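The residues making up each chain are set out below.
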Amino acid sequence: MQTERANGGGQAQRRDLKVIVGAAIIRDGRVLACARSAPPEVAGMWEFPGGKVEPGEAETDALIRECAEELAVRVEVGARVGRNVRMAHGRSVLKVYAARLLHGDEPQALEHQALRWLTIDELDSVTWLPADAPIVAALHPHLKTPYPPAPPR
């Protein structure tokens, strides 16, 4: 993703924003929330699992890879949830997608302090990272409607 920004002389400079993808993994009307273990300033705050999209990697492929690395699960990626969220430092953007677990996989906290399945009424019971917080409100319709079944292959 590219943006333009005016430099001191009024000329536009192009810079690439890094894309961070997150998974709103939904099961039985609940979404998976993950408590960060590091860095210390955000340890214990909650997020959607995910990470950086590598050069040449599709966003959905990055999300599948990140879920396998962080949670040891296989997921099917669905529709976008919410809008793009600019990260606090301004050099990256968060994009969150709905997802569902495949093959009966159960998430494991490989890189997080804790995992919790939250209902719509429990979404505000945890302290979300600032970038993830705007996505929480956009989750409401996804938690009220079951995740659509996978298309036949």
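Cut-offs applied
- Residues numbered from 1 in each chain as written.
- Predicted model: local features only at pLDDT ≥ 70, side-chain atom pairs only at ≥ 80, totals over all residues.
- Heavy atoms only, no water.
- Core = buried A, V, L, I, M, F, W, Y, C linked by side-chain atoms within 4.5 Å.
- Buried < 20%, exposed > 50% of the residue type's maximum accessible area, 1.4 Å probe, protein only.
- Helix = DSSP H or I, 4+ residues; strand = E, 2+ residues; numbered from the N terminus.
- Salt bridge = Lys/Arg side-chain N within 4 Å of Asp/Glu carboxyl O.
- Pairing = 2+ DSSP bridges.

Some details on the nonpolar core
Moving on, step 1. With 22 residues, the main nonpolar core has Val31, Phe48, Leu123, Trp128 and Leu139 as its most contacted residues.
Moving on, step 2. For this core, the element with the highest residue contribution is helix α2 (residues 133-144), accounting for four residues.
Moving on, step 3. Among the nonpolar cores identified, the runner-up in size contains 19 residues, and Leu17, Val21, Ala23 and Ala62 belong to it.

A few points about the pattern of salt bridges
Moving on, step 1. In this structure the tally under the stated criterion is nine salt bridges.
Moving on, step 2. In this structure, the salt-bridge partner of Lys95 is Glu59, at a minimum N-O distance of 2.9 Å. A residue pair is termed long-range when its members are at least 10 positions apart, and Lys95 in strand β8 (residues 92-101) and Glu59 in helix α1 (residues 59-71) qualify at 36 residues.
Moving on, step 3. One salt bridge in this structure joins Glu69 and Arg65, with 3.4 Å as the shortest N-O distance. Taken together, the positions of Glu69 and Arg65, both in helix α1 and four residues apart, correspond to about one turn of that helix.
Moving on, step 4. You can call Glu69 partly exposed: its relative accessible area is 40%.
Moving on, step 5. Each of Glu57, Arg65, Glu66 and Glu69 takes part in one network of salt bridges that share partners.

Observations regarding the pairing of β8
Moving on, step 1. For β8, the tally of buried residues reaches 10 of 10 residues, placing the bulk of the element in the interior.
Moving on, step 2. Of the two faces of β8, the one lined by Ser92, Leu94, Val96, Ala98 and Arg100 and the one lined by Val93, Lys95, Tyr97, Ala99 and Leu101 are each fully buried.
Moving on, step 3. Pairing geometry for strand β3 (residues 18-27) and β8, over eight bridges, is parallel. If you follow Ala24 over to β8, its bridge partner there is Ala98.
Moving on, step 4. Sheet topology note: the strand β7 (residues 75-86)/β8 ladder contains seven bridges and is antiparallel. By the bridge assignment, Glu76 is partnered in β8 with Arg100.

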